[in-house]
Amino acid sequence: MTDLGKVDRDFFDEYIYPRLGATRDDVALGPTHGVDFGLLDIDGTAVALATDPVSVLPALGFERAGQFAIDIVLSDIAVSGLDPSHLAISFTLPPEMTDAEFAELWAAMHDEAEDLGVSIVTGHTARYSDCSYPWVGGATALAVGDHDDVVRPDGARPGDDVLVTKGPAVETTGLLTTLFPDGFDGLGPDTLEIAQERLDETDAVRDAMTVSAAGGHGVHAMHDATECGVHGALNEIAGSAGVQLEIDESSIPFRPGVRDVCEYLDIDPWRSTTAGSLIVATDPEVTDDVISALNARGTPVGVAGTVVLGEGVVVDGKRIDHPDVDPSWGAYERLANEAEK
């Protein structure tokens, strides 16, 4: 198991995958490493489910933290190709959180869910000793629709185009500079401000819904590049589909401030968490439609490469492996320790 972040594939295969409770005929897709959601078949209707921790960062302000938390939770279900529809959420709140702070957080969560057409149908809310920020609970998101409309991360096929939105380390750049601005004195105020703007780009939900609507059944795979970043997500798509991705990094967008921050922290942007960025495999016949729809939203996107027979990921002629560890976790820890001094 890795020290920080998600477990690696070896841990998953040894400890989790062999023990999944009862076998049921209505489970169309169970837990799969690198796949964001599970899938049920309920009397011919597809029900996609995804579960994530609820992360609340008070330093963002509780309104912004609530919106950020909801978007992260819903992103894994949005890449299913079905619009998110329902949410169950459990809070294990730290004792120091006040009623007023929770009210501000919850109002922002409600507003974001309502805007996305998501109904909150059940949950649990309590304060417990020894609970602390940012990990204050968990949530399960659902989406309901037709099986033919489901997009699976393992659906990439030879001949597909590979699209990447926004590029690497968007979340790392925006989040760390916002949480720890004093840790970036060497960047200068203008660069710091530009970097902090990246936090507003960490919503992948609306982009995923846009991709599905524009590309239809020509969208074969979709995955959000969270932990281990773009390189991790590319490897997960290739590994789950049993194909090879040939990638030209120069065709992938690079948002302002990202290079500056990652160089300052001495971390690899391509392997750093980047909620908000999507990897999409499309039939070339719908690629232009998807790009046009994303551009209309103001979302930068590039045709990063193609899917071919083989296995793994080749970037600029060099094979890359899945990162063992996301370097942004170590950077977060360093900055947090420095802020406490």
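It should be emphasised that the depicted structure is a prediction, and the values quoted were computed from it without experimental measurement. (Residues numbered from 1 in each chain as written. Predicted model: local features only at pLDDT ≥ 70, side-chain atom pairs only at ≥ 80, totals over all residues. Heavy atoms only, no water.)

(A) Inspection of the overall build of the protein chain at higher detail. Looking only at helices and strands, the protein chain features 10 helices and 13 strands. For a compact globule of 341 residues, the expected C-alpha radius of gyration is about 20 Å, and the protein chain comes in at 19 Å, within 12% of that figure. Overall size of the protein chain, expressed as C-alpha extent along the three principal axes, is 50 × 45 × 45 Å. Here the protein chain, with 341 residues, has 51% of them falling under the buried criterion. Long-range pairs, those at least 24 residues apart, make up 84% of the contacts in the protein chain between residues at least 6 apart in sequence. Put simply, the protein chain shows about 15300 Å² of open surface, and 48% of that area lies on carbon and sulfur atoms. The averaged location of the 62 negative side-chain charges in the protein chain is 3 Å from the averaged location of its 19 positive side-chain charges. (Helix = DSSP H or I, 4+ residues; strand = E, 2+ residues; numbered from the N terminus. Rg over C-alpha atoms; globule rule 2.2 N^0.38 Å. Buried < 20%, exposed > 50% of the residue type's maximum accessible area, 1.4 Å probe, protein only. Contact = heavy atoms within 4.5 Å. Areas by Shrake-Rupley, 256 points an atom, 1.4 Å probe, with all protein chains shown as cover. Lys, Arg positive; Asp, Glu negative; His and termini not counted. Charge placed at Lys NZ, Arg CZ, Asp CG, Glu CD.)

(B) Representation of helix α4 (residues 170-179) within the structure. Within α4, 10 of the 10 residues are buried, which leaves it mostly tucked inside the rest of the structure. When α4 is considered as a whole, its buried residues turn out to be Val170, Glu171, Thr172, Thr173, Gly174, Leu175, Leu176, Thr177, Thr178 and Leu179. At its buried positions, α4 is contacted by α2 (62-78), α5 (189-196), α8 (258-265) and α10 (327-340).

(C) Summary view of the sheet that holds strand β12 (residues 312-315). On the basis of which strands lie adjacent, the open sheet formed by seven strands has the order β8-β10-β7-β11-β9-β12-β13 and mixed pairing. In this open sheet, the two strands that pair with only one neighbour each are β8 (219-224) and β13 (318-320). Direction aside, the axes of adjacent strands within the sheet are offset by 25° on average. This element, helix α6 (residues 205-215), spans β8 and β10 (278-282) of the sheet and lies at about 175° to β8. Against the sheet, helix α9 (residues 284-296) engages β7 (161-165), β8, β10 and β11 (301-308), with an angle of about 10° to β7. (Pairing = 2+ DSSP bridges. Axes fitted to C-alpha atoms, helices over the stretch in contact; angles between N-to-C directions.)

None of the figures reported here should be taken as evidence of function without further support.
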